[in-house]
Amino acid sequence: MRLRPSIFLNRAERRAAFDRADLYPVVTSSFCLGRDPVLVFELLAKGGAKIIQIREKSYTDKRLYDLICACRPIANDYGVLLMVDDRVDLALAAQADGVHLGQDDVPIEAARRVAPELLLGISTHNRDEIVAANQSAADYINIGPVFSTQTKAVPYPALGLERLAELIALVERPFTVMGGIKQDHLADLAQIGVNHVALVTAVTQSLQPDEQVREFRFRLQKSREP
């Protein structure tokens, strides 16, 4: 299979595309209702998501590489930033657009040295991690979990809206929020300055992921109107 390069040529183009995005779905095969994650990825892109992450903790390297490669042409066709969880090496090999790193993954400065043109995100859960992320090579910061979630085991309590607002005030980079977010939360999130919402099951476990993305994006955009 001939590997297609990304339509985003450099980090500046990827950062600009991130700024234009709103919904940030994360695709994990165990939360796809038994469907092929490539199909779910395409439906999310069809629905209008402009940044989508592939997160597979249990895949072999070869299987994950093949999955990223299969999603690359779909991402290009829909103008989507293709993100990979954790794996800088496979993101580079499969010509993804970026990598999302956790607190226990390779340090973001090390990732930047080997991947100067990739979009790099970092997960944060508290004040100290946000302060450190502000000084790092990250392009964006993720804050969470906002609400209780079953999709990822983290040793951190749900922040809630009040604490989230306090943490947002500390952030000096573009940011996303994640964790148990449903449509009913969007107005409150918009009110405290959230522009980028990351989701897993709320869209990937929908019977119609494309329609669910459209509905989430519509509600998010309406929530921002004066």
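Basis of the calculations
- Residues numbered from 1 in each chain as written.
- Predicted model: local features only at pLDDT ≥ 70, side-chain atom pairs only at ≥ 80, totals over all residues.
- Heavy atoms only, no water.
- Helix = DSSP H or I, 4+ residues; strand = E, 2+ residues; numbered from the N terminus.
- Rg over C-alpha atoms; globule rule 2.2 N^0.38 Å.
- Buried < 20%, exposed > 50% of the residue type's maximum accessible area, 1.4 Å probe, protein only.
- Contact = heavy atoms within 4.5 Å.
- Areas by Shrake-Rupley, 256 points an atom, 1.4 Å probe, with all protein chains shown as cover.
- Salt bridge = Lys/Arg side-chain N within 4 Å of Asp/Glu carboxyl O.
- Axes fitted to C-alpha atoms, helices over the stretch in contact; angles between N-to-C directions.
- Left-handed = near helix turned anticlockwise from the far one by under 90°.
- Nonpolar A, V, L, I, M, F, W, Y, C, P; charged D, E, K, R; others polar.
- Pairing = 2+ DSSP bridges.
- Right-handed = clockwise from strand over helix to strand, strands pointing away.
- Phe/Tyr/Trp six-rings, centres within 6.5 Å; stacked < 30°, edge-to-face > 60°.
- Lys NZ or Arg CZ within 6 Å of the ring centre and 35° of its normal.
- Core = buried A, V, L, I, M, F, W, Y, C linked by side-chain atoms within 4.5 Å.

K.L.:
Please explain the overall build of the protein as it appears in this structure.
P.N.:
For the protein, the helix and strand inventory stands at 10 helices and 8 strands. Relative to a compact globule of 226 residues, whose C-alpha radius of gyration would be 17 Å, the protein shows 16 Å and is just as compact. Expressed as a percentage of the 226 residues in the protein, the buried residues total 53%. Long-range pairs, those at least 24 residues apart, make up 64% of the contacts in the protein between residues at least 6 apart in sequence. In the form shown here, the protein has an accessible surface area of approximately 10,200 Å², with 51% of it arising from carbon and sulfur atoms.

K.L.:
How should the pattern of salt bridges be read in this particular structure?
P.N.:
For side chains of opposite charge, pairing can occur when their charged atoms come near one another. Inspection of every chain in the model, using the stated rule, returns 18 salt bridges. A salt bridge links arginine 217 to aspartate 22, with the shortest nitrogen-to-oxygen separation between them at 2.8 Å. Remark: aspartate 22 occurs in the loop between α1 (11-20) and β1 (23-27) and arginine 217 occurs in helix α10 (residues 209-224); sequence separation between them is 195 residues. When the shortest N-O distance is used, the salt bridge between lysine 57 and aspartate 86 registers 2.7 Å. Highlighted residues: lysine 57 in the loop between β2 (51-54) and α3 (61-78) and aspartate 86 in the loop between β3 (81-85) and α4 (88-93), separated in sequence by 29 residues. A relative accessible area of 57% places lysine 57 in the exposed class.

K.L.:
Quick question: what am I supposed to make of the packing of helix α2 (residues 37-47) against α10 here?
P.N.:
Packed helix pairs are specified by the crossing angle of their axes together with the interaxial distance, meaning the distance between the axes. Contact geometry of α2 with α10 gives a least axis separation of 7 Å together with a crossing angle of 35°. α10 is crossed by α2, and the crossing has right-handed handedness. Facing Leu43, Leu44, Lys46 and Gly47 of α2, the residues of α10 in contact are Pro209, Asp210, Val213, Arg214 and Arg217. Considering only residue class, the contact of α2 with α10 consists of 4 nonpolar, 1 polar and 4 charged.

K.L.:
Explanation requested: the pairing of strand β5 (residues 119-124) in the structure shown.
P.N.:
Within a regular strand, the side chains alternate between the two sheet faces. β5 sits mainly inside the fold: 6 of its 6 residues count as buried. Bridge count between strand β4 (residues 98-101) and β5: 4 bridges; the pairing is parallel. Across the sheet, the residue bridging to glycine 98 is leucine 119, located in β5. Crossover connection from β4 via helix α5 (residues 108-114) to parallel β5: handedness right-handed. Alignment of β5 against strand β6 (residues 140-143), held across 4 bridges, turns out to be parallel. Bridged to isoleucine 122 within β6 is isoleucine 141. After leaving β5, the chain enters helix α6 (residues 127-134) and then returns to the sheet as β6, a path that is right-handed.

K.L.:
Where do I start with the packing of aromatic side chains in this structure?
P.N.:
Within a pair of aromatic rings, the relevant descriptors are the distance that separates the centres and the angle that separates the planes. Applying the stated criterion across every chain, the model contains 2 aromatic pairs. Consider the rings of phenylalanine 18 and tyrosine 140, whose centres lie 4.8 Å apart with planes at 20°: the pair is stacked. Within this pair, whereas phenylalanine 18 is found in helix α1, its partner tyrosine 140 is found in strand β6, the two being separated by 122 residues in sequence. Accessibility classification places phenylalanine 18 together with tyrosine 140 in one group, the buried group. For the cation-ring pair, arginine 63 lies above tyrosine 59, with the distance from its terminal atom to the ring centre recorded as 3.9 Å.

K.L.:
I would appreciate a short explanation of the nonpolar core in the present structure.
P.N.:
Soluble globular proteins tend to pack their nonpolar side chains together in the buried interior. Among the nonpolar cores identified, the biggest contains 60 residues, and Phe41, Ile143, Val177, Ile181 and Val197 are the most heavily contacted of them. No other element matches α3, which puts 7 residues into this core. Those residues in contact with valine 177 that sit more than four places away from it in its chain are Asn142, Ile143, Val146, Leu164, Leu189, Val194, His196, Val197 and Ala198. In terms of nonpolar packing, the next biggest core, distinct from the first, is built from 15 residues, Ala21, Phe31, Ile51 and Leu119 among them.

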